[in-house]
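# Architecture at a glance
Next come the chains, spelled out residue by residue.
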Amino acid sequence: MRSWHGLEEVPRDWGRSVVTVGVFDGVHRGHQAIMRAAVERARAAELPVVVVTFDPHPDSVVRGGDPPAVLTPEPRRAELLAECGADAVCVVPFTSELSRLSAEDFVRRVLVETLGAAAVVVGEDFRFGYRAGGTVETLRRLGEEYGFTAQGLELVTGGDTVSSTRIRACLEAGDVEGAGRELGRPHRVEGMVVHGAARGRELLGFPTANLDCPPATAVPADGVYAGRMLLGDSGADAAPSWPAAISVGTNPTFEGAARTVEAYALDRDDLALYGRRAAIDFTHRIRGQLRFDSVEELREAMARDVDTARGLTAAN
């Protein structure tokens, strides 16, 4: 799959393509449905599928303030889109200048002149252009003028519409099972394994990998979870992985203040992980964060948590 950072990296002789546009944070079941429709159109027409996505999140530019928590960092997003059939992903820097483009200018400059859109496939709620003035109907009208078709797909629902916003709300509540259903896979966080307080190995008997996650990562609510820890780049073939018990929180038993994400690879105390990249998939919530009156009480609770995690991950 080709990956372009900015429209200027798109080859001038790229030719015609089927294009879909969106933030695609999460590449959730709704995004996957859009990709299936785009791929079906593209394969029928013997054209490539190009995904246009944005960084940073448009809300941080248009509305100001902090961006929404990131469900899938850019490299992971590209991997998932490739798995869905994308032939190329173009990450467009979302700037104030871009936000001021009219709907027609966006269509002409991005979709027509740069990507040679023969067809555009989006969700039915797609909005684009200055102050989100463009709709799917706008796309259809401009398509007649510029020579492409536009398709707006019904949104995927599971009681409520599947959306990145809804998935973030699940994670904020610690509902990783609900987030996983919406995503179509477990929610994942990634980062480098760094040195922590070393209490897991030296004091508690459960050596944990402390993950240094990038800012704005969508980390689930404080608590204990079951899942898997993967070593290396998330898309690497045959990357080592282990069932894991995962702790998110501030370690209140030790009067902690910094929020950490730590994973214990079940029944492994021989792993050399410091300085290596790792990922954690969250599959089940075991309990919320608790403060214990003694180290011994914490150790006993952790032993129970590990047993629970072992049972929950046994089939994975």
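The structure displayed is predicted, hence computed values, not measured ones.

A count of helices and strands for the chain gives 10 helices and 12 strands. Taken along the three principal axes of its C-alpha coordinates, the chain extends 70 × 40 × 35 Å. By sequence separation, contacts in the chain at least 24 residues apart represent 74% of the contacts at least 6 residues apart. About 15,100 Å² of surface is accessible on the chain, with carbon and sulfur atoms providing 48% of the total. For the chain, the distance from the average site of its 35 positive side-chain charges to the average site of its 46 negative ones is 1 Å.

Right, let's get into the sheet that holds strand E1 (residues 2-5). Reading across the sheet, the six strands line up as E1-E4-E3-E2-E5-E6 and stay open at both edges, with parallel pairing between neighbours. Every interior strand has two partners, whereas the edge strands, E1 and strand E6 (149-153), have only one. Between one strand axis and the next, the sheet turns through 20° on average, direction left out of account. Sheet topology note: the E1/strand E4 (residues 88-93) ladder contains four bridges and is parallel. If you follow arginine 2 over to E4, its bridge partner there is alanine 88. Contacts from helix H1 (residues 29-45) reach strand E2 (17-21), strand E3 (49-55), strand E5 (117-123) and E6, with the element oriented near 160° to E5.

Before going further, it helps to examine the packing of helix H7 (residues 164-172) against helix H8 (residues 176-183). For the pair H7 and H8, the least separation of the axes is 7 Å and the interaxial angle reads 160°. Here H7 is positioned roughly antiparallel relative to H8, judged by the angle of their axes. In this structure, H7 meets H8 at a crossing whose hand is left-handed. Within the contact between the two elements, H7 uses Arg166, Ile167, Cys170 and Leu171 and H8 uses Val176, Gly178, Ala179, Glu182 and Leu183.

Right, let's get into the pattern of salt bridges. Per the counting criterion, the structure on display carries 18 salt bridges. A salt bridge links arginine 166 to glutamate 182, with the shortest nitrogen-to-oxygen separation between them at 3.1 Å. Within this pair, whereas arginine 166 is found in helix H7, its partner glutamate 182 is found in helix H8, the two being separated by 16 residues in sequence. Of the residues examined, arginine 166 reaches a relative accessible area of 23% and is grouped as partly exposed.

This next bit is on the domain arrangement of the chain. Much of the literature gives interface size as the accessible area that the parts lose upon coming together. Per the domain assignment, the segments making up the chain are domain 1 (2-153) and domain 2 (187-314). Between domain 1 and domain 2, the C-alpha centre-to-centre distance is 36 Å. Listed by partner, the interface residues are seven residues for domain 1 and eight residues for domain 2. Each partner contributes to the roughly 580 Å² buried at the junction of domain 1 and domain 2, and carbon and sulfur atoms together form 52% of this total. Together, Val70, Leu71 and Arg76 form the three largest contributors to the area buried by domain 1 at its contact with domain 2, with a combined 59%. Seen at the junction of domain 1 and domain 2, the total is zero salt bridges. The tally of links from domain 1 across to domain 2 stands at two residue pairs in polar contact (both at pLDDT 80 or more). Per-class residue counts for the side of domain 1 that touches domain 2 are five nonpolar, no polar and two charged.

The rules we used
Residues numbered from 1 in each chain as written. Predicted model: local features only at pLDDT ≥ 70, side-chain atom pairs only at ≥ 80, totals over all residues. Heavy atoms only, no water. Helix = DSSP H or I, 4+ residues; strand = E, 2+ residues; numbered from the N terminus. Contact = heavy atoms within 4.5 Å. Areas by Shrake-Rupley, 256 points an atom, 1.4 Å probe, with all protein chains shown as cover. Lys, Arg positive; Asp, Glu negative; His and termini not counted. Charge placed at Lys NZ, Arg CZ, Asp CG, Glu CD. Pairing = 2+ DSSP bridges. Axes fitted to C-alpha atoms, helices over the stretch in contact; angles between N-to-C directions. Parallel < 35°, antiparallel > 145°, perpendicular 65-115°, else oblique. Left-handed = near helix turned anticlockwise from the far one by under 90°. Salt bridge = Lys/Arg side-chain N within 4 Å of Asp/Glu carboxyl O. Buried < 20%, exposed > 50% of the residue type's maximum accessible area, 1.4 Å probe, protein only. Domains from an automatic or database assignment. Buried area = accessible area lost by both parts, 1.4 Å probe. Polar contact = N/O pair within 3.5 Å; in protein donor to acceptor, adjacent residues only side chain to side chain. Nonpolar A, V, L, I, M, F, W, Y, C, P; charged D, E, K, R; others polar.

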